[in-house]
Amino acid sequence: MTENKEELNEDMEETVDTAMADDTEDSAKEEPVSEDMTTDSDTESCKTKETQQEDMQEDADESQDDSETDDKDGDDKSEKGNRFFKKDKKEKKDKKDIQIEELTDKYKRTMAEFDNFRKRTEKEKAAMYEIGAKDIIEKILPIVDNFERGLSTLSDEEKTAPFADGMDKVYKQLLKTLEDVGVKPIDAVGKEFDPNLHNAVMHIEDENLGENVVAEEFQKGYTYRESVVRHSMVKVAN
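Residues numbered from 1 in each chain as written. Predicted model: local features only at pLDDT ≥ 70, side-chain atom pairs only at ≥ 80, totals over all residues. Heavy atoms only, no water.

Chemist: Could you clarify how one ought to interpret a nonpolar patch on the surface in this entry?
Modeler: Where nonpolar side chains cluster on the molecular surface, the patch consists of Val201, Met202 and Phe218 and spans about 260 Å² of accessible area. Counting through the fold element by element, valine 201 comes out in strand E2 (residues 198-204). (Patch = residues over 30% accessible without salt bridge, like charges linked within 9 Å, V, L, I, M, F, W, Y side chains within 5 Å. Areas by Shrake-Rupley, 256 points an atom, 1.4 Å probe, with all protein chains shown as cover. Salt bridge = Lys/Arg side-chain N within 4 Å of Asp/Glu carboxyl O. Helix = DSSP H or I, 4+ residues; strand = E, 2+ residues; numbered from the N terminus.)

This is the structure:
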């Protein structure tokens, strides 16, 4: 753009010089005139020259403005084109990112569902195992009761007999096995009555016992892993 402007200025100077030279030759060919007319002619010539220079300068400025406008338009078009290609690339990248996000979200959801399924299955298995264990324990407890009833009827002499001693050992082994799998007897006598653990079948008044205290146990209760398998059948005082 700077080179174009210099070339335009040089062309304007050459044109002005040529015009002045032509005016000088024409005035030399004309007949001599008076001094006043010469002065007027020179003044008009100077004005004409100035006017021509101003017109040519305006034309040069307009040409320069047009050139700058064209350059700006070209830059705008180039910038718009670059934006278009960048936008197109961005859109293509966004599609991939969207697909990756969708697949990632689907994977996370699947893993969460599988984890929930695994936990739910484990709980169901534990619950089924506990229900099955409770059912078996409930069927074994009457056998324990019969051992206790039979041994309680023996006299001191009979307890020393080999048969009674063998029955007592089997009874203790059975209790040890139940304890190892998590079965424990419920303490009742002398404890405060708890409807979650005890089943009251009788009520008495006894000044020696406190209020709402278990006075006697008719049938022993048991728990399995902190849950009640069988409530203690008891008599409550006061």
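Chemist: Looking at this structure, how should I read the sheet that holds E2?
Modeler: Strands belonging to one sheet form pairs held by backbone hydrogen bonds; the direction of such a pair is parallel or antiparallel. Strand order in the open sheet made by the three strands is E2-E6-E3, with mixed pairing throughout. In this open sheet, the two strands that pair with only one neighbour each are E2 and strand E3 (213-219). Going across the sheet, the axis of each strand differs from the next one's by a mean of 35°, ignoring polarity. (Pairing = 2+ DSSP bridges. Axes fitted to C-alpha atoms, helices over the stretch in contact; angles between N-to-C directions.)

Chemist: Before we go on, may I ask you to explain the packing of aromatic side chains in this structure?
Modeler: A ring pair, where both rings are aromatic, is described by two values, the distance of the centres and the angle of the planes. Inspection of every chain in the model, using the stated rule, returns one aromatic pair. An angle of 35° between the planes, with centres 6.2 Å apart, marks the rings of phenylalanine 147 and tyrosine 171 as tilted. Separated by 24 residues along the polypeptide, phenylalanine 147 in helix H2 (residues 35-152) and tyrosine 171 in helix H4 (residues 162-180) bring together distant segments of the chain. In terms of burial, phenylalanine 147 and tyrosine 171 fall into one category: buried. (Phe/Tyr/Trp six-rings, centres within 6.5 Å; stacked < 30°, edge-to-face > 60°. Buried < 20%, exposed > 50% of the residue type's maximum accessible area, 1.4 Å probe, protein only.)

Chemist: Explain the pattern of salt bridges to me, please; I cannot follow it from the model alone.
Modeler: Two side chains bearing opposite charge may form a pair once their charged atoms approach each other closely. Considering all chains together, one arrives at 12 salt bridges under this definition. Aspartate 105 is paired through a salt bridge with arginine 109; the nearest N and O atoms lie 2.8 Å apart. Note that aspartate 105 and arginine 109 are positioned in helix H2 at a spacing of four residues, about one turn of the helix. The exposure class of arginine 109 is exposed, given its relative accessible area of 54%. With a shortest N-O distance of 2.9 Å, glutamate 216 and lysine 235 are connected by a salt bridge. Of this pair, glutamate 216 sits in strand E3 while lysine 235 sits in strand E6 (residues 232-237); the two residues are 19 residues apart in sequence, bridging distant segments of the chain. Among the ionic contacts, a cluster of salt bridges with common partners joins Asp115, Arg118, Lys119 and Glu122.

Chemist: Quick question: what am I supposed to make of the sheet that holds strand E1 (residues 183-185) here?
Modeler: Across the sheet, three strands lie side by side as E1-E4-E5; this open sheet has antiparallel pairing. At either end of the open sheet lies a strand with only one pairing partner, and these are E1 and strand E5 (227-230). Looking at each pair of strands side by side, their axes are set apart by 35° on average, direction ignored. By the bridge criterion, three bridges tie E1 to strand E4 (residues 222-224) in an arrangement that is antiparallel.

Chemist: Can you walk me through the pairing of E6 in this structure?
Modeler: Within E6, five of the six residues are buried, which leaves it mostly tucked inside the rest of the structure. Note: E2 against E6, six bridges, orientation parallel. Residue pairing across strands places histidine 203 opposite valine 236, the latter belonging to E6. Here five bridges tie E3 to E6, and the two strands are oriented antiparallel to one another. Looking at E6, one finds that valine 213 is bridged to alanine 237.

Chemist: For this particular structure, what's the right way to read the nonpolar core?
Modeler: Nonpolar side chains in soluble globular proteins tend to end up buried together. Grouped together as the largest cluster of nonpolar side chains are 12 residues: Ala133, Ile137, Leu141, Val144, Phe147, Leu151, Tyr171, Leu178, Val183, Tyr222, Tyr224 and Val229. Breaking this core down by element, the ones donating at least two residues are H2, H4 and E4. The contacts of leucine 178, once residues within four sequence positions are left out, are Ile140, Val144 and Val183. (Core = buried A, V, L, I, M, F, W, Y, C linked by side-chain atoms within 4.5 Å. Contact = heavy atoms within 4.5 Å.)

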